[in-house]
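The chain contents come next:
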Amino acid sequence: MAGLPEWDRCAVMGVVNVTPDSFSDGGRFFDTTAAVKHGLDLVSEGADLVDVGGESTRPGATRVDEAEELRRVIPVVRGLASEGVTVSVDTMRASVAERALAAGAALVNDVSGGLADPRMIPAVADAGAPFVVMHWRGFLEGGNVRGVYRDVVTEVVDELHARVEAVLAGGIAPDRVIVDPGLGFSKDAEHDLALLAGLHRVLGLGHPLLVAASRKRFLGRVLAGPDSPPPPARERDAATAAVSALAAHAGAWAVRVHEVRATSDAVRVARAIEGARTGAEGAR
Ligand code: PMM
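Sequence order as written defines the numbering, with residues in each chain counted from 1. Predicted model: local features are reported for residues with pLDDT of at least 70 only, side-chain atom pairs are reported and counted for 80 or more only, and whole-chain, interface and lining totals are derived from all residues. No hydrogens and no water enter the side-chain calculation; it runs on all heavy atoms of the structure.

Undergrad: Talk me through unusual backbone geometry; I want residue IDs and the actual numbers.
TA: You will see that S186, though not glycine, has its phi angle at about 55 degrees, which is positive. In DSSP terms, a helix is any run of H or I states spanning at least four residues, a strand is any run of E spanning at least two, and both are numbered starting from the N terminus. Note on placement: S186 falls in the loop between β6 (177-180) and α7 (189-197). With a phi angle near 60 degrees, R215 is a residue other than glycine that sits in the positive phi range. Judged by its relative accessible area of 5%, R215 is buried. Only protein chains enter the area calculation, which uses a 1.4 Å probe; residues under 20% of their type maximum are buried, those over 50% are exposed, and those in between are partly exposed.

Right, dumping it as structure tokens:
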């Protein structure tokens, strides 16, 4: 495949977590048939691609072993790819990435940005697959520890730049590298909001941008009232769609979401507004 899959607007990446314990939908799709069906449902609701993961990155989650991750992920990737779905595999393991690519996955999404497994970058380079480089300082610090930043946008951009350089040095083609600020990963609500306000600076890295805000804690914090607690993850989908519209407007390549329908509408509206703007400029 040359470069990246592309759409004429911000793409919608639907999430299928084949895990018993994911942050926002853990346990719901923890068998192959249910997971494949869920992925197909997401596509019929408007997802352009589906991200399949078998390992939770929830704070405090323990790592699954390789055999179990393969068992969870590969049949779901194969099932969706055989139905013509564009699949990304959410994994920190080279072996899982390789097997998923062989089973039909089109890209690799690594929340450690290639840091967790030294074989990851060469494996993706050999396969010629696109690679999502996510920022997660906590991974290096041994878990999802609370990040301390002086200027979160500058530091995340600089650290992502360093990861991109490492990925390019490892042989992944520049037109196959996607960047992601890693909302919620060693970042608190203020950090996530600052990063969303500074998406143009992440885009300044010169790579397609993936934004994954779906149901995350910062949305709970934003939606909590003075006397009411943050709503649970499943009640953050309207807020997620609002972020999707803003991310699409900012120029994101894709947004990663659990509930696809509202985000699918959001990115289409953002595209239509962009079309009206460029049309109006052309007529001037
Ligand atoms: N977040 C989660 C899982 N995978 N991948 C990328 N690229 N970016 C993210 O922010 C990201 C991810 C955790 O969310 P979930 O467990 O609720 O799906």
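So much for the structure itself; the text now carries on.
Undergrad: An account of the site of the ligand is needed here, citing residue identities and associated values.
TA: We call a residue near a molecule or strand when any one of its heavy atoms sits within 4 Å of it. Around the ligand lies a shell of 18 residues, among which D90, N109, D180, K216 and H258 are the nearest. Definition of a polar contact: a pair of N or O atoms within 3.5 Å, with one able to donate and the other able to accept a hydrogen when the atoms are protein atoms, and with sequence-neighbouring residues admitted only if both atoms are side-chain atoms. In this structure, N17 approaches the ligand through a side-chain N or O atom, which is 3.0 Å from an oxygen atom. When contributions to the shell around the ligand are tallied by element, the ones reaching two or more residues are β1 (11-17) and β5 (131-134). Taken together, the residues that form the shell around the ligand break down as 8 nonpolar, 6 polar and 4 charged. Each residue receives one of three labels: charged for Asp, Glu, Lys and Arg, nonpolar for Ala, Val, Leu, Ile, Met, Phe, Trp, Tyr, Cys and Pro, and polar for the others, Gly being one of them.

Undergrad: Account for the pattern of salt bridges, with residues named and values stated.
TA: Definition used for salt bridges: Asp or Glu carboxyl oxygen within 4 Å of a side-chain nitrogen of Lys or Arg. By the definition in use, this model includes 17 salt bridges. Measuring nitrogen to oxygen at the nearest pair gives 3.8 Å for the salt bridge that ties D175 to R176. On the basis of relative accessible area, R176 is assigned to the buried category, the value being 16%. With its nearest N and O atoms 2.8 Å apart, the salt bridge here joins R215 to D237. Taken together, the residues span a long stretch of sequence, with R215 in the loop between β7 (210-211) and α9 (217-223) and D237 in helix α10 (residues 237-250) at a distance of 22 residues. This pair shows no difference in class: R215 is buried, exactly as D237 is. One network of salt bridges, with partners in common, ties together D51, D90 and R256.

Undergrad: Please set out the nonpolar core residue by residue, giving values where relevant.
TA: One finds V52, V77, L80, V108, F131, I172 and V211 to be the most contacted residues of the largest nonpolar core, which totals 67 residues. When near neighbours in sequence (up to four residues on either side) are disregarded, V211 contacts L183, L196, L199, A247, A252, A254, V255 and R256. Core analysis: the second largest hydrophobic core is formed by 11 residues, L4, V132, L210 and A254 among them. Take the buried residues of types Ala, Val, Leu, Ile, Met, Phe, Trp, Tyr and Cys, join any two whose side-chain atoms come within 4.5 Å, and each joined set is a nonpolar core. In this analysis, two residues are considered to be in contact whenever any of their non-hydrogen atoms come within 4.5 Å of each other.

Undergrad: Explain the sheet that holds β5 to me, using residue names and the numbers behind them.
TA: Strand order in this open sheet of 8 strands is β6-β5-β4-β3-β2-β1-β8-β7, and the pairing throughout is parallel. The open sheet terminates on both sides in strands that have one partner only, identified here as β6 and β7. Between any two strands, at least two bridges found by DSSP are needed for them to pair. With 3 bridges joining them, strand β4 (residues 107-110) and β5 adopt parallel strand pairing. Across the sheet, N109 pairs through a bridge with V132, a residue of β5.

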